[in-house]
Amino acid sequence: LAGAAVQHYTKDHPLSEEKIKAAYEEWAKDLPTTEYHARHILVKDEATAQSILDQLATGGDFAKLAAEFSMDPSKGTGGDLGWFTPDQMVEPFAKAVMALKAGETAQTPVQTDFGWHVVRLEETRPVAVPKLEESRDAVTNHANNKLVEDYLAELRKQAKIKTDEKMINGAKPADQKT
């Protein structure tokens, strides 16, 4: 019934082109504008990560150290994570990558729920925001979901809810037989 009510509501309240464009503008402003190409070496403890950083400082090869020490499947490719946007990575890792310049390695290990990372940023590139026509379905679905959320919030605000304290506290209704 709830699904049918939502379908009925969205059918009776179609989004205008103006609302879709406004939803697109709102959606697009939060999209990342930069992609990052990074490498990492993931280890269990900070001391091992620091030891790897020390080896890198004295000329160690990042790819070889990744192959030797990393717990991540990317160790087979020298710790290469490929291209990604910050929202695709856990926050401490993403922040560390965004703070680096191309070719730099973070001076301190980065801790996440996965372990300790030695992080190197290879390069960055701008990422284009998809045009409205390319993202129309996603934007329309998002806008419809927001419309339904607002509708449900209004219904909740107008609802009058009565509670039966006896039932809540475990007493059986008078007409129920034991």
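Everything here concerns the structure above.
Conventions used here
- Residues numbered from 1 in each chain as written.
- Predicted model: local features only at pLDDT ≥ 70, side-chain atom pairs only at ≥ 80, totals over all residues.
- Heavy atoms only, no water.
- Helix = DSSP H or I, 4+ residues; strand = E, 2+ residues; numbered from the N terminus.
- Rg over C-alpha atoms; globule rule 2.2 N^0.38 Å.
- Buried < 20%, exposed > 50% of the residue type's maximum accessible area, 1.4 Å probe, protein only.
- Contact = heavy atoms within 4.5 Å.
- Areas by Shrake-Rupley, 256 points an atom, 1.4 Å probe, with all protein chains shown as cover.
- Lys, Arg positive; Asp, Glu negative; His and termini not counted.
- Charge placed at Lys NZ, Arg CZ, Asp CG, Glu CD.
- Pairing = 2+ DSSP bridges.
- Arc of directions from axis to C-beta.
- Polar contact = N/O pair within 3.5 Å; in protein donor to acceptor, adjacent residues only side chain to side chain.

## Some thoughts on the overall build of the chain
Consideration 1: Looking only at helices and strands, the chain has seven helices and four strands in total.
Consideration 2: In sequence order, the chain lays out its α and β elements as α-α-β-α-α-β-α-β-β-α-α.
Consideration 3: Taking 178 residues into account, the globule formula puts the C-alpha radius of gyration at 16 Å, and the chain, at 26 Å, lies well above it.
Consideration 4: Dimensions along the principal axes, computed over C-alpha positions, put the chain at roughly 80 × 55 × 25 Å.
Consideration 5: For the chain, buried positions account for 30% of its 178 residues.
Consideration 6: For the chain, restricting intrachain contacts to residue pairs at least 6 apart in sequence, the fraction spanning at least 24 positions comes to 70%.
Consideration 7: Surface summary for the chain: the accessible area is close to 12,400 Å², and the carbon and sulfur share equals 52%.
Consideration 8: Here the chain contributes 22 positively and 29 negatively charged side chains, and the mean placements of these two sets differ by 8 Å.

## A closer look at the pairing of strand β1 (residues 34-43)
Consideration 1: Counting buried residues along β1, nine of its 10 residues qualify, which places the element largely inside the surrounding structure.
Consideration 2: Bridge count between β1 and strand β4 (residues 115-126): 10 bridges; the pairing is antiparallel. Within the sheet, the bridge partner assigned to Val43 lies in β4 and is Trp116.
Consideration 3: Pairing analysis gives three bridges linking β1 to strand β2 (residues 80-84), with the strands arranged antiparallel. What sits directly across from Arg39, in β2, is Asp80.

## Description of the pairing of β4
Consideration 1: Summarising the sheet, strand β3 (residues 110-112) and β4 pair through three bridges and their orientation is antiparallel. Bridged to Thr112 within β4 is Gly115.
Consideration 2: Count of turn residues in the β3/β4 antiparallel hairpin: two residues.

## Quick look at helix α4 (residues 62-69)
Consideration 1: Restricting attention to buried positions, one finds in α4 the residues Phe62, Leu65 and Ala66. Down the axis of α4, the buried set is contained in an arc of 105 degrees. They therefore lie on one face. Facing away from the buried side of α4, by more than 90 degrees, are the exposed residues Lys64 and Glu68.
Consideration 2: In this structure, the buried residues of α4 make contact with β1, α3 (46-57) and β4.
Consideration 3: Between a side-chain oxygen at the N-terminus of α4 and the backbone nitrogen of Ala63 the separation is 3.2 Å; the capping residue is Asp61.

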